[in-house]
Amino acid sequence: MTTHIPSEHDLHAYVDGQLDPELHRQIDSYLVSHPDLAREVEQLRLDNQRVRAAIASIPVTPIPARLDPQRIRRELRSRSQRTLAIAASLMLTLGLGTMGGWQLRELSMRKTYLPMADATQAYRLFATNDMLQKVDLKTSEPAQLQNWLNQHFVQTAAAPDFSAYGFKLFGARLMASDKGAAAMVVYQNSEGQAILYYVRSPGELFNFGAGNRKDGNLLTQYWRQGRYFYAVVSPSDSLTAMPVQQAIEPTRPSS
C-alpha cells in the first residue's frame, strides 16, 4: 500500500475538516507514525481556535444610517424632486415676470398712445392751401370717389357726405402709413376750411374703441367699422366745423 505524504495544503484542509473521509484516514495514519508533524498539526489547530476566538470578540458595528442604501435612494429621490420643484418655481417666476413686464409695457404704451395719430398728421401735411397739388384724385362726385376707394380697399364704408354742412368733396389721396395702406379724403367749404376723412387697415399693437381726442387745434374723431379704422379730423376751434363734429359723434359706429 502506497503511503500518502500530506502536503501543507492537505494539512490545513485536515485541520479545517475539509478533506474527504478516505484522505482524512490516510493523514491520521501518517501522523501516528510522525509525531513531530502531528505536533505541528496540533499547533495549527490551536492557532485556528485563537483566531476564531479573536474574531468572535470583535464587536459588530452596525452600518451607519447615513450609509443605508434604502435611505440613500430616498434622499436622492427627494433631492431630485426638490431640484425639479425649484426649477419649476424659477420658470414660473420668470414667466410671471415676463408677462408682468409685457403688461406694464402695454399699460405704459396705452397711456402715451394716440389713436389714429396718422390721420391727424395727414391733415397737417395735406389739408392746406395747396391741396390741389397734393391729391391723387380731384373730384366733387361721391360716386367717383367711392369707385376710387373700392379699387384700393375691400368693402370700405361709404364715404360721408358733408355737403349739408357746407363742406363739399374736394379730392382724395392714397397713402402708406406704418399701419398699412391708407387713404385720405378732403372736404372744403367756401371759406377754404378743410375736413379730412381717413381710412386705413388696423395694424395696431392693441385695438381701441370709438373715441375722440384733441391735438392742438385739431379734433380727431375715430372708430372701427368692419375691417378698417376710420377718422374725421377737423379744426376744433372752427364754428363752421362744429355741426359736422356733432353729427359724427352720435352716429359713428362703435368698434
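Residues numbered from 1 in each chain as written. Predicted model: local features only at pLDDT ≥ 70, side-chain atom pairs only at ≥ 80, totals over all residues. Heavy atoms only, no water.

Visitor: So what exactly am I meant to see when it comes to helix H2 (residues 21-32) here?
Guide: Structurally, the α-helix is built with 3.6 residues per turn, so residues lying three or four positions apart point the same way. Taking 1.5 Å as the rise per residue, H2 with 12 residues should run 16 Å; its terminal C-alpha atoms sit 17 Å apart, in good agreement. Buried residues of H2: Leu23, Ile27, Tyr30 and Leu31, and no others. The buried residues of H2 occupy an angular sector of 95 degrees when projected down its axis, which confines them to one face. Away from its buried face, by an angle of more than 90 degrees, H2 presents the exposed residues Pro21 and Val32. (Helix = DSSP H or I, 4+ residues; strand = E, 2+ residues; numbered from the N terminus. Expected span 1.5 Å × (residues − 1). Buried < 20%, exposed > 50% of the residue type's maximum accessible area, 1.4 Å probe, protein only. Arc of directions from axis to C-beta.)

Visitor: Where do I start with the side chain of Arg213 in this structure?
Guide: Along the polypeptide, Arg213 turns up in strand E5 (residues 211-215). Under the relative-accessibility criterion, Arg213 is labelled buried at 11%.

Visitor: I keep staring at the nonpolar core and nothing clicks. Help me out?
Guide: Soluble globular proteins tend to bury their nonpolar side chains together. Leu145, Phe162, Tyr187 and Ile195 are the most contacted members of the largest nonpolar core, which has 23 residues in total. Put simply, the parts of the chain that give this core at least two residues each are helix H6 (142-152), strand E2 (168-177), strand E3 (180-188), strand E4 (194-200), strand E7 (228-235) and helix H7 (242-251). Residues within four places of Phe162 in sequence aside, it is in contact with Phe167, Tyr187, Ile195, Val232, Val244 and Ile248. Ala122, Met184, Ala194 and Leu218 belong to the second largest nonpolar core, which has 22 residues in total. (Core = buried A, V, L, I, M, F, W, Y, C linked by side-chain atoms within 4.5 Å. Contact = heavy atoms within 4.5 Å.)

Visitor: Just to check I follow, could you spell out unusual backbone geometry for this structure?
Guide: Comment: phi is negative for the bulk of residues other than glycine, and the bulk of peptide bonds are trans. The residue Met116 is not glycine, and still its phi comes out positive at about 55 degrees. As for its placement among the helices and strands, Met116 is situated in the loop between helix H4 (69-112) and helix H5 (117-126). On the basis of relative accessible area, Met116 is assigned to the buried category, the value being 0%. Positioned with a positive phi, Gln155 is a non-glycine residue whose angle comes to about 55 degrees. Inspection of the secondary structure assignment puts Gln155 in the loop between H6 and E2. The class of Gln155 is exposed, set by a relative accessible area of 66%.

Visitor: Just checking my understanding: could you explain the sheet that holds E5 for this structure?
Guide: Adjacent strands of a sheet form backbone hydrogen bonds with each other and so pair up, either parallel or antiparallel. Read from one edge of the open sheet, 7 strands run E1-E2-E3-E4-E7-E6-E5, paired in antiparallel fashion. Both edges of this open sheet fall to strand E1 (137-138) and E5, since each of them pairs with a single strand only. Lying on the sheet, H5 is in contact with E2, E3, E4, E5, strand E6 (218-225) and E7; it crosses E4 at an angle near 140 degrees. (Pairing = 2+ DSSP bridges. Axes fitted to C-alpha atoms, helices over the stretch in contact; angles between N-to-C directions.)

Visitor: I'm lost on the side chain of Gln221 in this one. Help?
Guide: With respect to the helices and strands, the residue Gln221 is situated in strand E6. Polar contacts involving the side chain of Gln221 include one to the side chain of Glu249, which spans 2.9 Å. (Polar contact = N/O pair within 3.5 Å; in protein donor to acceptor, adjacent residues only side chain to side chain.)

Visitor: Got a minute to help me understand the confidence of the model for the protein chain in this structure?
Guide: Note: predicted coordinates in regions of low pLDDT should not be interpreted at a detailed level. Per-residue confidence for the protein chain averages 80 on the pLDDT scale, and 78% of its residues sit at or above 70. This stretch, residues 105-110, has a pLDDT under 50; its non-local contacts, to residues over four places away or in other chains, come to 5 contacts. (pLDDT = per-residue confidence, 0-100.)

Visitor: Explain H6 to me, please; I cannot follow it from the model alone.
Guide: Within H6, burial applies to Leu145, Gln146, Trp148 and Leu149. Looking straight down H6, one finds its buried side chains confined to an arc of 160 degrees; they lie on one side. Across H6 from its buried face, at more than 90 degrees, point the exposed residues Ala143 and Gln151.

Visitor: Mind showing me how you'd approach the pairing of E7 here?
Guide: Along any regular strand, the residues point their side chains to alternate faces of the sheet. Counting buried positions over the 8 residues of E7 gives 8, a clear majority of the element. Of the two faces of E7, the one lined by Tyr228, Tyr230, Val232 and Ser234 and the one lined by Phe229, Ala231, Val233 and Pro235 are each fully buried. The pairing of E4 with E7 spans 5 bridges and is antiparallel. Considered in E7, the bridge of Arg200 is made with Phe229. Here 8 bridges tie E6 to E7, and the two strands are oriented antiparallel to one another. Within E7, the residue paired with Tyr222 across the bridge is Ala231.

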